[in-house]
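Fold and geometry: a report
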Amino acid sequence: GAGVSQSPSNKVTEKGKDVELRCDPISGHTALYWYRQRLGQGLEFLIYFQGNSAPDKSGLPSDRFSAERTGESVSTLTIQRTQQEDSAVYLCASSLAMQEFNYGYTFGSGTRLTVV
Amino acid sequence: RKEVEQDPGPFNVPEGATVAFNCTYSNSASQSFFWYRQDCRKEPKLLMSVYSSGNEDGRFTAQLNRASQYISLLIRDSKLSDSATYLCVVNGNLGDFGNEKLTFGTGTRLTIIP
């Protein structure tokens, strides 16, 4: 697609429920990233995927968080047993990742998750 | 020390003034540098890349000082529409795949006052 698409744009869930967030990257972008941004805070790295290589999961805050991506297509971020502190905007980005040069990321508009 | 550090501001600047932000980074091996802009309740958007020789895009000028490990953003003739949070971005953690993983500063908030 023309841009990075995320769904849903807003999600309200009850504490303890599981949620699944979806990201559709720009066609041809080999790298995909998930970030979290709490209200008034900076971007917190969660996970990134590069092609078919093993993902860098170093930013996932707990084992309740997991993400998958098949090849260079759609990614899903799953949060199990949601807690109130999970409330944030979850941003997905994609890029033409290259060893020699970085072209920067393009972000989706995010999923605003509210846990009540 | 944080990988990328910025003055959080806020900077409140009258319309038409010139304003400058600095940002420092910790990884001397970093190769890619950017400024992103984030409007309230919106996603970050790439403003400009920062090149070693410095670069300009209209009213915006970016500079890189590798020796001191800082980058700067200068905005001339500021407009009301420049009000936003400006994020300094560096590939501070080279990761396993090269230089593609970026680290974001927490941002500097700018408000242009009419």
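As a reminder, the structure under discussion sits directly above these lines.
Not measured: the values here are computed from a predicted model. (Residues numbered from 1 in each chain as written. Chains lettered and ligands numbered in written order. Predicted model: local features only at pLDDT ≥ 70, side-chain atom pairs only at ≥ 80, totals over all residues. Heavy atoms only, no water.)

A few points about the environment of V116 of chain A
All names here are of chain A. Along the chain, V116 falls in the segment after β10 (111-115). In sequence terms V116 and Q84 are 32 residues apart; their C-alpha atoms lie 6.4 Å from each other. Filtering out sequence-adjacent residues up to four positions away, V116 remains in contact with V12, T13, E14, K15 and Q84. (Helix = DSSP H or I, 4+ residues; strand = E, 2+ residues; numbered from the N terminus. Contact = heavy atoms within 4.5 Å.)

Let's talk about the sheet that holds strand β8 (residues 70-75) of chain B
Residues and elements named next belong to chain B. Spatially, β1-β3-β8-β7-β6 is the arrangement adopted by the 5 strands of the open sheet, whose pairing is antiparallel. Pairing within the sheet leaves two strands with one partner each, and these edge strands are β1 (4-6) and β6 (55-57). Averaged over all neighbouring strand pairs, the angle between strand axes comes to 20°, with direction disregarded. Looking at chain direction, strand β3 (residues 19-25) and β8 are connected through 6 bridges and run antiparallel. When the sheet's bridge partners are listed, A20 is paired in β8 with L74. (Pairing = 2+ DSSP bridges. Axes fitted to C-alpha atoms, helices over the stretch in contact; angles between N-to-C directions.)

Examining the state of the cysteines
All names here are of chain A. Across all of its chains, the model carries 2 disulfides over all chains by this definition. Paired through a disulfide, C23 and C92 show a sulfur-sulfur distance of 1.9 Å. Its S-S torsion of about -65° marks the bond between C23 and C92 as left-handed, since a negative value means left-handed. A residue pair is termed long-range when its members are at least 10 positions apart, and C23 in strand β3 (residues 19-24) and C92 in strand β8 (residues 88-95) qualify at 69 residues. On the accessibility criterion, C23 (0% relative accessible area) is buried. C92 gets classed as buried once you look at its relative accessible area, which sits at 0%. (Disulfide = S-S within 2.5 Å. Buried < 20%, exposed > 50% of the residue type's maximum accessible area, 1.4 Å probe, protein only.)

Focus: the side chain of Q6 of chain B
Residue and element names in this part refer to chain B. Inspection of the secondary structure puts Q6 in strand β1. A distance of 2.9 Å separates a polar side-chain atom of Q6 from the backbone oxygen of Y86. Separated by 3.3 Å, the side chains of Q6 and T108 make a polar contact. If we ignore the near neighbours within four places in the chain, the residues touching Q6 are N22, C23, W35, Y86, L87, C88, G105, T106, G107 and T108. (Polar contact = N/O pair within 3.5 Å; in protein donor to acceptor, adjacent residues only side chain to side chain.)

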